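Chain by chain, the residues run as shown.
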Amino acid sequence: MASLRTMSFDAVIVGGGGSGMRAALQLAQSGYKTAVITKVFPTRSHTVSAQGGITCAIASDDPDDRWQWHMYDTVKGSDYIGDQEAIEYMCQTGPEAVFELEHMGLPFSRTEEGRIYQRPFGGQSKDYGAGGQAARTCAAADRTGHALLHTLYQGNLKNKTVFLNEWFAVDIVKNSDNAVVGVVAINIETGECVYVKSKATVFATGGAGRIYASTTNAHICTGDGVGMAIRAGFPVQDIEMWQFHPTGIHGAGTLVTEGCRGEGGYLINKDGERFMERYAPNAKDLAGRDVVARSMVLEILEGRGCGPDGDHVFLKLDHLGEEALNAKLPGILELSRTFAHADPVKEPIPVVPTCHYMMGGIPTNVNGQALTIDREGNDQVIEGFYACGEAACVSVHGANRLGGNSLLDLVVFGRASGIFIENELSKGIDLKDATQEDIDRAMAGLNRINASTEGENAAVLRAELQTIMQNFFGVFRRGDYMQKGVKKLDELRPRIENVYLDDKSNSFNTARIEALELQNLFETAYATAIAAEGRTESRGAHAREDFQERDDENWLCHSIYFPGSKEIGKRAVNFTLKTREPFEPKIRTY
Amino acid sequence: MVGIASSFSQSGVINWLVQRVSALVMTAYIVFITVYLLANPNISYAQWSELNSLLSMRLFSLLTMASIASHAWIGIWCVLTDYVTERLLGPKADIIRKVLQVCMIAVILIYLVWAIDILWGF
Amino acid sequence: MLNVSIYRYNPEVDNEPYMQDFQFDTQGKDLMVLDVLEKLKIEDPSLVFRRSCREGVCGSDGVNISGKNGLACITPLSEAVKGNSLIIRPLPGLPVIRDLVIDMSQFYAQYEKIQPYMINNSPAPAIERLQTPEERAKLDGLYECILCACCSTACPSFWWNPEKFIGPSGLLQAYRFLADSRDTATAERLSKLDDPFSVFRCHGIMNCVQVCPKGLNPTKAIGHIRNMLMRNPT
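Residues numbered from 1 in each chain as written. Chains lettered and ligands numbered in written order. Predicted model: local features only at pLDDT ≥ 70, side-chain atom pairs only at ≥ 80, totals over all residues. Heavy atoms only, no water.

Caption draft 1: View of the packing of helix α12 (residues 436-451) of chain A against helix α15 (residues 510-534) of chain A. All names here are of chain A. Between α12 and α15, the shortest axis-to-axis distance is 11 Å and the interhelical angle comes to 130°. Classified by the interaxial angle, the pair formed by α12 and α15 is oblique. Taken as a pair, α12 and α15 cross one another with a handedness that is right-handed. Contacts from Leu-446, Arg-448, Ile-449 and Asn-450 of α12 reach α15 at Arg-512, Ala-515, Leu-516 and Gln-519. Its residues placed into classes, the contact of α12 with α15 shows four nonpolar, two polar and two charged. (Axes fitted to C-alpha atoms, helices over the stretch in contact; angles between N-to-C directions. Helix = DSSP H or I, 4+ residues; strand = E, 2+ residues; numbered from the N terminus. Parallel < 35°, antiparallel > 145°, perpendicular 65-115°, else oblique. Left-handed = near helix turned anticlockwise from the far one by under 90°. Contact = heavy atoms within 4.5 Å. Nonpolar A, V, L, I, M, F, W, Y, C, P; charged D, E, K, R; others polar.)

Put into structure tokens, the structure is as follows:
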């Protein structure tokens, strides 16, 4: 095997979305040689699609707002399997992280006092649930993700971060101590493979919504980080927890922000009834996303869906008035007119629950250090390996993420990883060099694809995978169905591993990249299937028809998928708070 | 690489303003001459000569000539730096453009001197 | 059947670019141009184009559709097909890497040149910097740019001088920072724009306004910059 060119950095961040660029910014500011490997130009990352806002107790809308209330909402939203230490850190550090973004230039919408505009979002309350709906989600109109991502890219340009744009990380390189010492990456434009060596490797690779047929996620959300971690033998956590966003545009899958309901929009069935009043009498349309999504599916299943096939419901906005819609939700007007052929000023938008967010991922601590679990069930830090953002499971979202908490997660833990690595680098990091054999191992998957002489087309296999996931592991799940789904995935595995790459050219060969992405999608989907089948209860986004109740006795814990044995284990949820008594599990109603 | 050494002014704002103001002057001149000729359909040489010997008219003509000169300089410089470039015509373009620019400036200056000579005579 | 004609060029195989015709069955649906490309790629995986969000916010899939620059993901066939034919080419004016993928380095270099980041060296307050809704409203129509390059690659001035004229997209961003009440580097920014090329190669052709998929108006922003330059001689 010819040896690859090596590029060396103090820190390498895989992924140029919100969390990756926030981590990179931290490190570049302190002068460390930092590179971001990103398969698309950074501002094309999926963070750009986030609309509604970043939830954070900055006390603008309500001067008496407290981060502890946000913490309570997040713990409750997670259905009590979010790690409370991490949630506490996120909610407490959040305001500082948000103000930093504002100082960097993020064009937040404003209040009359000149402060950042905050809007109501689902699951947000005052006074630990007793004070009614809170407006805590900081917004830049309905383009908050776009504004945030561009601001972070601009900050990185200012601080001269090295960007390896349109490079794709193929696999993790581990040394003989099982520590991560970089990745093998391919320059998409030239096809050249390079060993990118690093003292700290941060996975900020985002989600994997593309494992489902219907998703709000971009084409690029293919679970690359989770796939690579699994192939390297590292476990993933709570991967069965997939959020279905209540309002994806029917047919197209594009996201319609929860901010629509925050601003006063509501869902109606075919009879024009505001049905959420029945399911969540207090929070109504602003209940947790899992609750709203399930209620919508029930309406559809019970024959009260809209349209000729009765397969969706309507989101009504016209009563808010054209002026308010233009000012607060301009992007939604545009999207609805383009993709639903419906003008929200005059008519409701057809919506349906659509796969949106991966709550699970690579388990990490609050410093972003990736964890594995040893034989005794203890957490062990994986040397040299970090994760943040959607790819990570730190875990602040538990079984159900609250709207607006993903952007906060990105910046808080991207920043935290950066700060921690900065500190480690200043103390000196000494990892064994990778041998040629170690690097060859990371090249194995790509070499196999490059050598393929027969097999099936990646796009066809991908569609088959997405259909299986959609049919067997959707909003409602059932044991026997899921077992059937796992069997189908087992049959699919060898076919996907033998995917055929016809075009072997080097120049901007996106077919090769899609074949590699397919491997990552499959590993993520398979872990999801095993974990979903294994968790015999209903909690948060994981709703089983055969186990309809939450089972705190057995399942008030994280699930851990071990790639070696392809089995799931359990990991304790963290209940230690620094500032107060932990929040004990309660029945979750809205 | 296209440079700015031969630009009328090194400031974009000044070029832009000169372009606009000179256009106004030229328009005013054309309007004046047109109106004057229409108002005096059977104009004699003596009358025409008298008009052009007025100091104010000569200054107006000079100003217009200066406007034409600067306007042409800026305009032609823009055209040359748009189209006679290495990007469009290959490596020889830089030399060709520089020669054309020198010619353009020379022609403009000659016309200007000639105009002054006509107006005042040496 | 719809006739789809696509610009093809693979530098490793082809001596020169060519147009390849595909027959495509729309099944009577008003698909987006990107849907057509995605489906054609299943048949011919060697067809190369960029795409990401597929909802018009990431700016990856700017291409020239039947003669007009636009985003493939939000351009429906009903707008793009002329006489049962759809012609897709890469954005004009920048080097082609392969098929519909262009080398955007020159476009990005112009963006970087305008210092696209907040400059304010006064100590930051403990909370956010205050800004009135009126001050913030000045950024509307500016910050929404998605860097898709549809405008700059439709601009003749950018075609002729891409290394010296900043182009509509970069200038829109330049004004986004000039217009921000929180930015304090106005004089410094303006001084870097007052040469005969950076701003003043704009001749008001307004192709940028016509093609912007986000409905933004770079020509207007350029006008504002020109006014600022006149009022604040550098």
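Having put the structure on the table, let's press on.
Caption draft 2: Up close: the nonpolar core. Ile54(A), Phe413(A) and Val4(C) are the most contacted members of the largest nonpolar core, which has 167 residues in total. Of all the elements, helix α11 (residues 405-427) of chain A adds the most residues to this core, at 10 residues. Here Phe413(A) is in contact with Ala86(A), Tyr89(A), Met90(A), Val366(A), Cys388(A), Val394(A) and Val396(A), once residues within four sequence places are set aside. (Core = buried A, V, L, I, M, F, W, Y, C linked by side-chain atoms within 4.5 Å. Buried < 20%, exposed > 50% of the residue type's maximum accessible area, 1.4 Å probe, protein only.)

Caption draft 3: Spatial organisation of the pattern of salt bridges. All names here are of chain A. All told, the structure shown has 63 salt bridges over all chains when counted by the stated rule. The salt bridge involving Glu-464 is made with Arg-495; its shortest N-O contact spans 2.7 Å. Taken as a pair, Glu-464 in helix α13 (residues 458-472) and Arg-495 in helix α14 (residues 479-497) lie far apart in primary sequence, 31 residues in all. For Glu-464, a relative accessible area of 29% corresponds to the partly exposed category. (Salt bridge = Lys/Arg side-chain N within 4 Å of Asp/Glu carboxyl O.)

Caption draft 4: Geometry of the interface of chain B and chain C. Each partner contributes residues to the interface: chain B has 20 residues there, and chain C has 18 residues. Taken over both partners, the interface formed by chain B and chain C buries close to 1,600 Å², and the fraction arising from carbon and sulfur atoms is 61%. Three residues, Trp16(B), Asp82(B) and Arg87(B), lead the burial of chain B against chain C; their summed loss comes to 36% of the area buried on that side. Between the two partners, chain B and chain C, sit one salt bridge. A salt bridge links Arg201(C) to Asp82(B); its shortest N-O distance comes to 2.8 Å. Remark: the boundary between chain B and chain C carries 10 residue pairs in polar contact (both at pLDDT 80 or more). Elements with a contribution of two residues or more to the side of chain B that touches chain C: α1 (12-39), α3 (55-83) and α4 (86-89) of chain B. In terms of residue class, the side of chain B that touches chain C is built from 10 nonpolar, eight polar and two charged. (Buried area = accessible area lost by both parts, 1.4 Å probe. Polar contact = N/O pair within 3.5 Å; in protein donor to acceptor, adjacent residues only side chain to side chain.)

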